[in-house]
Amino acid sequence: MRPDRNIGRTVALLGLLAISWLGLAGSVSSPYYLLLLALVPIWALLGVSWNVFSGYSGLISFGHAAFFGLGAYCVMIGLIRFQLTPWFGIPLAGVLGAVAGAAIGWPTFRLRGNYFALAMLAYPLMLAYLFGWLGYQELSVPLHREAALWFMQFADTRVYVLIAVVLLLVGLLVSLAIERSRFGLCLAAMKQNELAAEAAGIDTRMWKLRAMMLSGSIAAIAGGLYAVVVLVVTPGSVFGLVVSAQAMILVLFGGAGTLWGPLIGAAVLVPLGETLQAQLGSLLPGIQGVLYGCVVILVILAAPEGIYWKLLDRTRRSDDVRIALPVPLPPVARVAVATGPVLLDVAGLGKSFGGVAAVQDLSFSIRSQEILGIIGPNGAGKTTLFNMLCGVVVPTAGEIQFDGDNITGLPTNRVARVGIGRTFQVVRAFARMSVLENVVVGAFVHHPDDNDAWRAAADALEMVGLTPYARTLAGRLTNRELRLMELARALAGGPRLLLLDEPLAGLGANDAEELIAVLRRLPATGMTIAIIEHTMPAMLGLVDRFIVLDQGRLLAHGAPSEVMRSREVIEAYLGRNWEVVDAAA
Amino acid sequence: MSITRRNLTKLAAASTVVASSSARAQQPAEVVFGLISPLSGPWAKSGDLSRKGAEMAVADINKAGGIKALGGAKVRLAVGDCGDSPEKSKNAAQRLLADEPNLVGGAGAYVSSFTLAVTEVTERAGVPWFTLSYSDAITSRGFHYVYQTSPTADAQAKAALPTLLALAKAATGRDAKKLGIVMDNTASPVSFTKGLRAGGAEALGMQIVVDETFTPPLSDAGPVMQRVRAARPDVLLLLPTAVPDIKLTLEKMNEIGLGHGKLPAINNGGPMGSPDLLRVVGPDMLEGVMFITATWGLKGMEALTEEFRRRTGEPWITQDSLSNYAHMWILKAAVEAAGSTDREKVNAAIKVMDDPEIAKFFPGGRVKFDEQGHRVGASLVIAQWQNGVPVTVFPIDRAVAQPIWPGR
């Protein structure tokens, strides 16, 4: 079921490309073109590194020069100070890059979005000054006339092309393995929505750290080889802003989040930049930079997500066949299930933001296999309550017991792992992933084995009736299908308690009915549901029990019929005047 | 046979078929010299000045009859842009070698790390290469084809203070005793002053009375320059490297009445004498400020300086232009001596060269290179801003103006 049917084809294509590149190098004798043929795969490797981290996870790094430069200096200092051959120096650079990735990532992941990107900018700047201060203003590879091979100093520069291509190939295979595995899907999920990923049970910080270490290692290897090929290293040339920007531009140009992006970017932009420099540099100094910039801007305008995705969209548009409309599940009446023992017990729960109490002294419980409706006017504290239940917000008072265990204040991904799944008010689809891939992200929590996870995902799709869409890109789904898909993602994790935040928002009556039909079947499978919803008629036919919140407090609770007649509830929702109308009716 | 119009016409008619091939066989069509220079990026101005110097040399060589040993073969200059990084420099060098298989030798690439990258390529290809860069690393790699015409950074740091003291003595008849240092913490001034602090100044009978180091950019030069005024040094090493900091410190010096040479202030490096600096800082602030460099417009080359101004429109000739002008003439002399464009033979000719004529483009020493490629006896020039023009004031025998120095 897992979509790796064409992995063999991809590897074969990569091999073919590598062989033709080497063939090209074999047929060229000019050292100038051989240098270019070696520099393209080196820059592509840096692109791959950036892609492994930023392309897949969506956390933009402006600071990959930090790893690249550390790798370059590691090889250089090893050579000059310790007579260490680059054959060992480059692998050592890889280890150093991973360590640096951990050291940089651990503190920096506290920041999000733009703040993360800006903080990353600081590391290479800092390192550039550090290496300058240490007296490494400019280092050059000592010429070894004897033992040249041992020191990677080849008279025939084709060998550099070979080494660069082999390392790039390794980088690409690592990248491919990531793309097709749990690792890549988790990163992709975080890229689209970190909170949703956490809610699906992904330990985002852990995965980010792994990605950063791997990425740092690859970048440092690229830097190490760069030092060997260019022979001169200065803080500006390896820690400079241009290096970080190069990594980013190559990937964004080619297409982020895909194996092919860095390859396309490097194969087009590096020779282009060099040709412009060669042809125009001495005629109209500076014009090469202007033209290079214009090309990048034009391509980004024409293909904002990169060339690869643009081409993919072109080819896919033609064969975009909607397989078949999913068969709407027949509406069923609520299958009567006797509710079991208390599953979730909330006691004295409270949350204040500064002086504002969003939730105060809230106590209630949910029984196993029950469907509990949570209603209340806007601002009543419903979403805050959900956020506390699933660990997004830490309560300031009270305690949450889940199946007898205290889960108060657990991080979101841990809460997901004990068996609480949730959906969001606004659908968080992973648009570039297929429906099945979207769902499998949710299945990873409870299935350490990947095959089990894919199977659970398929089952979850079956349950919501989206099986025919399994391979469609989520970006092409309608709102109703997206809601169903998000429900399937939550179900795939096999949660015992499912928290649904306005699952019917934005749906028409028919669509809503279909979703409700799905929900009605769930308690029979042993699941417990808490649902926030505004669409009253739909809720009346669905839930076993309501709790009503108003201004952060529990206003009423009980069976739907009781609650709907409660004066306080009507007042809270509609204001005092309606009381009279109601009485008259 | 006298050449008449009829003869010429006949000749032309008869020889159209054979002319080109036979003519080429008799004399080499051209001799190719290379120049790699940062023509784009932050060092573009210096790169451009380098190119102007080399171009003028090639024009002068050809005007004077080309390479006589090769039947008056003309010299052609092939120029490469090394941009703003060692990577681009290495690319430029490889490209130059690929495009110009007959390249005899060349010069460049201004910034020392670019020169390191370029010479890694030229050394392996056996191309004789000249540079004005100071870095010790360039000639400490055991290379056989690299020649450095400026004193190395180490040599400069050692020679600078004695040179300055010699000027002070010559100008005032007294020894300068008290030294002040104001600098930023970038690489060049740090390495330049390291030896002075570690006993170098005392060995010359000088005492460092004020020593101020700041991290650029400087927000206010007031406190620093006030401390200088309080300490009353005889000579001030004023070594900021960024133009805004140079401007701030000079403004403050003038404001507190130490400008216009009242306190002799001296910087290090050719960029301190660039026409661009004059435009940014202004002639009044620069008046009296001195700088140390490897060569500058010297006595005896007034005609060259004038010709350079006329041809390029630059206000004066700088170290960049002058050094590369000389480099091309050295290459020319080597080809003449070798009687060949074979790189090995040309390189061998450079190794035994000792040319007193070309040596005049430098303040001291000879155009003779030692084992490592250093120019023997390379020494320093001190130039001083006077009325908006930096003029050579030391060594005395090559000076074009008297120094402005208090107590004269």
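Numbers given for residues are sequential positions, taken from 1 along each chain in its written order. As a convention, the first chain written is A and the first ligand written is 1, with the rest following in written order. Totals for whole chains, interfaces and linings use all residues, but because this is a predicted model, local features are given only for residues with pLDDT of at least 70 and pairs of side-chain atoms are given and counted only at 80 or more.

A.B. asks: Lay out the interface of chain B and chain A in plain terms, naming residues and giving numbers.
C.D. replies: What counts as a contact is two residues whose backbone-derived C-beta atoms lie within 7 Å of each other. Contact with chain B, which involves 27 residues of that partner, is made by 24 residues of chain A. What counts as a helix is a DSSP run of H or I of at least four residues, what counts as a strand is a run of E of at least two, and both are numbered from the N terminus. If you tally residues by element for the side of chain B that touches chain A, the top one is helix 4 (residues 86-99) of chain B, at nine residues.

A.B. asks: Summarise the sheet that holds strand 3 (residues 342-353) of chain A; cite the residues concerned and give the values.
C.D. replies: All names here are of chain A. Criterion used throughout: strands pair if DSSP finds at least two bridges between them. Pairing is antiparallel across the open sheet formed by four strands, whose spatial order is 4-3-6-7. In the strand order of this sheet, the two ends are held by strand 4 (356-367) and strand 7 (405-406), each with one partner. Across five bridges, strand 3 lies against strand 6 (residues 397-402) in antiparallel orientation. Pairing of Asp345 across the sheet is with Gln401, part of strand 6. Orientation is described by lines fitted to C-alpha atoms, with helices fitted over the stretch in contact, and by angles between N-to-C directions that extend from 0 to 180 degrees. Set on the sheet, helix 15 (residues 382-389) makes contact with strand 3, strand 4 and strand 6; between it and strand 4 the angle comes to about 65°.

A.B. asks: Which residues make up the sheet that holds strand 1 (residues 30-37) of chain B, and what values do they have?
C.D. replies: Residue and element names in this part refer to chain B. The strand order across the open sheet built from five strands is 2-1-3-4-5, with neighbouring strands paired in parallel fashion. One side of each edge strand has no neighbouring strand; the edge strands of this open sheet are strand 2 (74-81) and strand 5 (146-148). Sheet twist, expressed as the average angle between the axes of neighbouring strands with direction ignored, equals 20°. With two bridges joining them, strand 3 (residues 103-108) and strand 4 (residues 129-131) adopt parallel strand pairing. In the strand pairing of strand 4, Gly106 is matched with Trp129.

A.B. asks: So what about the nonpolar core? Which residues, and what values?
C.D. replies: Residue and element names in this part refer to chain A. To define a nonpolar core, we join buried Ala, Val, Leu, Ile, Met, Phe, Trp, Tyr and Cys residues through C-beta atoms within 7 Å and take the resulting set. Comment: burial labels come from other C-beta atoms within 10 Å of the residue's own C-beta, placed from the backbone, where a count of 20 or more is buried, 12 or fewer is exposed, and between is partly exposed. Among the nonpolar cores identified, the biggest contains 304 residues, and Ile42, Leu225, Val439, Val440, Ala457 and Ala488 are the most heavily contacted of them. Considering every element that reaches this core, the biggest residue donor is helix 2 (residues 31-57), with 18 residues. Beyond its immediate chain neighbours, meaning those up to four positions away, Val440 contacts Leu185, Ala453, Trp454, Ala457 and Ala492.

A.B. asks: I'd love a proper account of the domain arrangement of chain A, names of residues and values included.
C.D. replies: When its domains are assigned, chain A resolves into domain 1 (7-252) and domain 2 (342-419 + 495-584). The source of the domain bounds is an automatic or database domain assignment. Centre-to-centre, using C-alpha coordinates, domain 1 of chain A lies 49 Å away from domain 2 of chain A.

A.B. asks: Kindly report on the environment of Gly273 of chain B, identifying the contributing residues and their values.
C.D. replies: Residues and elements named next belong to chain B. Following the sequence through the fold, Gly273 ends up in the loop between strand 9 (265-268) and helix 11 (275-281). Judged by C-beta crowding, with 27 C-beta atoms within 10 Å, Gly273 ranks as buried. As a C-alpha pair, Gly273 and Lys177 span 96 residues in sequence and 27 Å in three-dimensional space. Excluding anything up to four places from it in sequence, Gly273 contacts Phe291, Thr293, Trp296, Thr318, Ala383 and Pro390.

A.B. asks: Let's hear about unusual backbone geometry: which residues, and what values?
C.D. replies: Residues and elements named next belong to chain B. A cis amide bond, omega 5°, links Gly108 with the succeeding residue Ala109. Within the secondary structure, Ala109 is located in the loop between strand 3 and helix 5 (112-125). Residue Pro395 is reached from Phe394 by a cis peptide bond, and omega for that bond is 0°. Its place among the elements puts Pro395 in the segment after strand 12 (389-394). The backbone phi angle of Arg232 is positive, close to 50°, even though this residue is not glycine. Although it is not a glycine, His260 sits at a positive phi angle of roughly 55°. By secondary structure assignment, the location of His260 is in the loop between helix 10 (243-255) and strand 9.

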